[in-house]
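# Topology and contacts: notes
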Amino acid sequence: MISFWEKLSFVKADFIVVGGGITGLSAAISLRERHPGKEIILLERGIFPSGASTKNAGFACFGSLTEILADLKRIEANELLTLIESRRKGLSKLKKRLGKSEIDFQQLGGYELISNKEIKALDYMESINKILFPLFGEPVFKLKNKYIGKFGFNSAYVKSLVFNPFEGQLDTGKLMKALIRKAESEKIAIYTGAEVSYIEQGGKGVEIRVKNNFTENLIFKSKKALICTNAFTKKLFPKVDLKPGRGQVLVTEPIKDLPFKGTFHFDEGFYYFRNFKNRIIFGGGRNLDFKAETTSKIATTQKIQEDLAAKLKEIILPAKPFRIAHSWAGIMAFGKNKKPIVKSVSPDIALAVRLGGMGVAIGTNIGEEGAALISKDH
Ligand SMILES: Cc1cc2nc3c(=O)[nH]c(=O)nc-3n(C[C@H](O)[C@H](O)[C@H](O)COP(=O)(O)OP(=O)(O)OC[C@H]3O[C@@H](n4cnc5c(N)ncnc54)[C@H](O)[C@@H]3O)c2cc1C
């Protein structure tokens, strides 16, 4: 049962955002920019964000050459440009909002390791550069094959190296802490340990039921609600068109004289690695077992962790000893293409969900679009 005071001050708001990942926190901050005097609450089920945003590898990326070629089989070139523009806009807003140094943003560039399997992609590099030219004003992808040896990669696997100077990297933990601090400084009430179990459109706004051990029948009320629960959205809205997809990662102990810096991709973006100071963060391998990895269970598996360790030894660091310090997993959301879903599901409830592997860049923008959508008639 709740008290008179709790009823008066804790459970009512003009806007409620559900989900405290990068999209939900960004949406709440965007709502504050639009509505300086309104009450805004954010409900997050975890003690801290517990989906993808605190689990990712910290790439600030827009898509590698082979990823873009694969995307063009599913969407038109103009739709792809809009998507890449949204990633760029999101990232630039994020940097402006939080400050580059607060999140350790470094634009060290990105590289794609091309094996014999993808070598044909190089024939399309010029045409992809032409498509992207209006956004970047210069060719995005160029060959840097002389770095294959310098970086110490296995040249029996890596036949070519495609460089993209626009890619960056950041410190995921610092980013999420800075976003939370920013939201709190903007007087957004963040309640953690607040798992929403039910959301209902009422005659006069929205009712949101929260599971917890201390208060029976805890119901929040708001005029509008934005759902940013990404891969976990089906529990609340079973008809939404998305599937969860697990991502697994490992980080090495510091490596003496690590020969490269930057972000790296291979196998159509299914594998990715970067330096974090003098460690390597390496993730991917979902394509090894799509069935098992279509899950919202946050756990690592032996199959994928062994594959990552083997590829690290054979392809990335063939000549250097390393030790794995830690492994973890997080959950993304996927659909028939890479476009996120921002749409109303009732007069006062909207979704901003289905962020896959590039949410660091696009999350801020999707939060902003969600905030705009529920602000329309408010
Ligand atoms: C291993 C891994 C590596 C990745 N690497 C990169 C990368 O390098 N670069 C990049 O751009 N992207 C990367 N991504 C993707 C990126 O992390 C996501 O696209 C992004 O974090 C999605 O943000 P989100 O806020 O939409 O979702 P989430 O971060 O999943 O946030 C959703 C939140 O909703 C909460 N929630 C769920 N259900 C409820 C409920 N019922 N009630 C209350 N709260 C609820 C969850 O706890 C969670 O905190 C990676 C993802 C993973 C898993």
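Residues numbered from 1 in each chain as written. Predicted model: local features only at pLDDT ≥ 70, side-chain atom pairs only at ≥ 80, totals over all residues.

### Considerations on the overall build of the protein chain
Where we set the bar: The way it works is that DSSP assigns letters per residue, a run of H or I at least four long becomes a helix, a run of E at least two long becomes a strand, and they are numbered from the N terminus. Using C-alpha atoms as the atom set, the radius of gyration is obtained and then compared with a globule rule of 2.2 Å times the number of residues to the power 0.38. Three exposure classes are used, based on other C-beta atoms lying within 10 Å of a residue's own C-beta, which is placed from the backbone: buried for 20 or more, exposed for 12 or fewer, and partly exposed in between.
Helix and strand counts for the protein chain come out as 10 helices and 18 strands. The globule rule puts the C-alpha radius of gyration for 378 residues at 21 Å, and the 21 Å found for the protein chain is close to it. Projected onto its principal axes, the C-alpha coordinates of the protein chain cover approximately 70 × 45 × 40 Å. The proportion of buried residues among the 378 residues of the protein chain is 45%.

### Comments concerning the site of the ligand
Going by this rule: For each residue, a C-beta position is placed from the backbone atoms; the residue is near a molecule or strand when that point lies within 6 Å of it. Each residue receives one of three labels: charged for Asp, Glu, Lys and Arg, nonpolar for Ala, Val, Leu, Ile, Met, Phe, Trp, Tyr, Cys and Pro, and polar for the others, Gly being one of them. In this entry, domain limits derive from an automatic or database-based domain assignment.
In the vicinity of the ligand, 45 residues are found, and the nearest of them are Gly21, Gly51, Gly247, Gly330 and Gly359. Of all the elements in the fold, those that place two or more residues in the shell around the ligand are α2 (22–34), β2 (40–44), β9 (195–202), β12 (243–252), β16 (324–334) and α10 (359–375). Considered class by class, the residues forming the shell around the ligand number 21 nonpolar, 20 polar and four charged. Domain assignment of the residues forming the shell around the ligand places at least three in each of domain 1 (4–54 + 174–241 + 338–375) and domain 2 (104–168 + 243–334).

### Things to note about the domain arrangement of the protein chain
Where we set the bar: C-beta atoms are placed from the backbone for every residue, and two residues are taken to be in contact when these atoms lie within 7 Å.
Along its sequence, the protein chain is organised into domain 1 (4–54 + 174–241 + 338–375) and domain 2 (104–168 + 243–334). Taking the mean C-alpha position of each, domain 1 and domain 2 sit 32 Å from one another. Contacts between the two partners involve 11 residues from domain 1 and, on the opposite side, nine residues from domain 2. Looking at side-chain class alone, the side of domain 1 that touches domain 2 contains five nonpolar, four polar and two charged residues.

### Topic: the pairing of strand β4 (residues 110–114)
Inclusion rule: Between any two strands, pairing holds if DSSP finds at least two bridges.
By the criterion of burial, β4 is predominantly enclosed, with five of the five residues buried. The sheet contact formed by β4 and strand β6 (residues 160–164) spans five bridges and is antiparallel. The residue of β6 that forms the bridge with Glu112 is Val162. Pairing of β4 with strand β13 (residues 263–266) involves four bridges; the strand directions are parallel.

### Side note on the sheet that holds β6
Selection criterion: Each axis is a line fitted through C-alpha atoms, taken for helices only over the stretch in contact, and angles between the N-to-C directions span 0 to 180 degrees.
Ordered by their spatial adjacency, eight strands build an open sheet running β5-β6-β4-β13-β14-β15-β12-β16, and the pairing between neighbours is mixed. The open sheet terminates on both sides in strands that have one partner only, identified here as β5 (142–143) and β16. Packed on one face of the sheet, helix α9 (residues 302–316) meets β12, β14 (271–276), β15 (279–284) and β16 and runs near 50 degrees to β12.

### Some words on α10
The test is simple: Residue count minus one, scaled by 1.5 Å, sets the expected span of a helix.
End to end, α10 covers 23 Å across 17 residues, agreeing with the expected 24 Å (1.5 Å per residue, within 8%). Counting buried residues in α10 gives 14 out of 17 residues, a clear majority hidden from the surface.

### Observations regarding the nonpolar core
As a reminder of what qualifies: In this description, a nonpolar core means buried residues of the types Ala, Val, Leu, Ile, Met, Phe, Trp, Tyr and Cys, linked to one another by C-beta atoms lying within 7 Å.
Membership of the largest hydrophobic core comes to 97 residues, with the highest contact counts inside it found for Ile16, Ala28 and Leu226. Setting aside its immediate chain neighbours within four residues, Leu226 contacts Val17, Ala27, Ala350, Ala352, Gly370, Ala371 and Ile374.

### Some thoughts on unusual backbone geometry
Phi at Asp104 takes a positive value of approximately 55 degrees, unusual for a residue other than glycine. Taking the C-beta count within 10 Å as the criterion, Asp104 has 16 such neighbours and is therefore assigned partly exposed. The backbone of Lys187 shows a phi angle near 60 degrees, a positive value even though the residue is not glycine. Along the chain, Lys187 turns up in the loop between α7 (172–185) and β8 (189–192). According to the C-beta neighbour criterion, Lys187 is exposed, with 12 such atoms within 10 Å.

### A look at the packing of α2 against α10
Stated formally: What sets the label is the angle itself: under 35 degrees gives roughly parallel, over 145 gives roughly antiparallel, 65 to 115 gives roughly perpendicular, and the rest give oblique. Put simply, a crossing is left-handed when the front helix is turned counterclockwise from the back one by less than a right angle, and right-handed when it is turned clockwise.
Contact pair α2 / α10: the axes reach a minimum separation of 7 Å and the direction vectors enclose 45 degrees. Taken together, the axis directions place α2 and α10 in an arrangement best described as oblique. Classified by chirality, the crossing of α10 by α2 is right-handed. Residues Ile22, Thr23, Gly24, Ser26, Ala27, Ser30, Leu31 and Arg34 of α2 form the contact with α10, whose participating residues are Gly359, Val360, Gly363, Thr364, Ile366, Gly367, Glu368, Gly370, Ala371 and Ser375. Across the contact of α2 with α10, the residue classes break down as six nonpolar, 10 polar and two charged.

### Description of the pairing of strand β1 (residues 12–18)
Applied cut-off: With strands facing away from the observer, any crossover in which the path from the first strand over the helix to the second runs clockwise is taken as right-handed.
Judged by how many residues are buried, β1 sits mostly within the fold: five of seven residues are covered. Here six bridges tie β1 to strand β11 (residues 218–227), and the two strands are oriented parallel to one another. Bridged to Ile16 within β11 is Ala225. Pairing geometry for β1 and β2, over four bridges, is parallel. Pairing of Phe15 across the sheet is with Ile40, part of β2. Read as a crossover between parallel neighbours, the route from β1 over α2 to β2 is right-handed.

### Remarks on the environment of Thr263
Positionally, Thr263 belongs in strand β13. Accessibility expressed as a C-beta count within 10 Å gives 25 for Thr263, which makes it buried. Taking C-alpha positions, Thr263 is 45 Å from Leu218, a pair spaced 45 residues apart along the chain. Discounting residues that sit within four places of it in the chain, Thr263 has contacts with Phe59, Cys61, Gly110, Glu167, Gln169 and Arg274.

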